[in-house]
Amino acid sequence: MSCIRFNTPAQRQAMRDHSPAMLTAEEAAALHPAPEFTESKLRRLRLLAADPNPKIREAVASSYNTPVDLFEALAKDPDEGVRGCVAKNEATPCDILRALAGDRSETVRGWVAVNYYVPADVMETLAKDRSRTVRSLVKWKAQLAEEEGTAGRAPEPALHP
């Protein structure tokens, strides 16, 4: 006897008809809201930001709830991974991203380049970066933005003489 099971077309249609609807990200977030950010959580972030383990500091640098003063301190962390997490965090303030655009690490500068919230002047600076990788990331991000911008527009009408 085979363990392979074959469904009939009627069975496959019945499974499709009874499949659950997929939720959008907004609907899922509304059903499962993030817990309230409390003073004790802020104290915990401050404590963890000083942990000797860089992976723990990376977790703080990746948090959307990290306060500006911790972002500033973690942006100067000796560990490249911690600075990279600050650079890729969408909650990082623009002035800190501006400073990280001059980081000694190509990886950190690359994360700044792909951060969605990087100001245009920083992207212009990174477009002239000494690293070919960083310049390539800037170019790639610009191409994505261009594709996204043209995807929602109707095609231009052709002009006939």
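The rules we used
- Residues numbered from 1 in each chain as written.
- Predicted model: local features only at pLDDT ≥ 70, side-chain atom pairs only at ≥ 80, totals over all residues.
- Heavy atoms only, no water.
- Axes fitted to C-alpha atoms, helices over the stretch in contact; angles between N-to-C directions.
- Helix = DSSP H or I, 4+ residues; strand = E, 2+ residues; numbered from the N terminus.
- Parallel < 35°, antiparallel > 145°, perpendicular 65-115°, else oblique.
- Contact = heavy atoms within 4.5 Å.
- Nonpolar A, V, L, I, M, F, W, Y, C, P; charged D, E, K, R; others polar.
- Phe/Tyr/Trp six-rings, centres within 6.5 Å; stacked < 30°, edge-to-face > 60°.
- Buried < 20%, exposed > 50% of the residue type's maximum accessible area, 1.4 Å probe, protein only.
- Lys NZ or Arg CZ within 6 Å of the ring centre and 35° of its normal.
- Arc of directions from axis to C-beta.
- Polar contact = N/O pair within 3.5 Å; in protein donor to acceptor, adjacent residues only side chain to side chain.

Undergrad: Mind showing me how you'd approach the packing of helix α4 (residues 54-61) against helix α6 (residues 80-88) here?
TA: Relative orientation and spacing of two packed helices are given, respectively, by the angle between their axes and the distance between those axes. Relative orientation of the contacting elements α4 and α6 amounts to 10°, with a least axis distance of 8 Å. What the angle tells us is that α4 and α6 run roughly parallel. Together, P54, R57, E58 and A61 of α4 and G81, V82, C85 and V86 of α6 make up the contact between the two elements. Classifying every residue of the contact of α4 with α6 gives five nonpolar, one polar and two charged.

Undergrad: Explain the packing of aromatic side chains to me, please; I cannot follow it from the model alone.
TA: Two aromatic rings, taken as a pair, are described by how far apart their centres are and by the angle between their planes. Using the criterion set out here, one finds one aromatic pair in the structure. Judged by centre distance (5.1 Å) and plane angle (85°), the ring pair of Y116 and Y117 falls under edge-to-face. The class for Y116 is exposed, based on a relative accessible area of 57%. On the accessibility criterion, Y117 (43% relative accessible area) is partly exposed. Looking at K88, its charged tip hangs above the ring of W111, at a distance of 4.0 Å from the centre.

Undergrad: Would you take a moment to explain the environment of A99 for this structure?
TA: Within the secondary structure, A99 is located in helix α7 (residues 94-100). Taking relative accessible area as the criterion, A99 reaches 57% and is therefore assigned exposed. Considered as a pair, A99 and K76 are 23 residues apart in the sequence and their alpha carbons are 9.6 Å apart.

Undergrad: Would you mind showing me how to read α4 here?
TA: Each α-helix winds once per 3.6 residues, and so residues spaced three or four apart point in a common direction. Every buried residue of α4 is listed here: R57, E58, V60 and A61. Buried residues along α4 cover an arc of 160° about the axis, so they all sit on one side. Exposed residues pointing more than 90 degrees away from the buried face of α4 are listed as K55 and A59. For α4, the elements touching its buried residues are α3 (39-49), α5 (68-74) and α6. Of the residues flanking the start of α4, the one acting as N-cap is N53, its side-chain oxygen 2.8 Å from the backbone nitrogen of K55.

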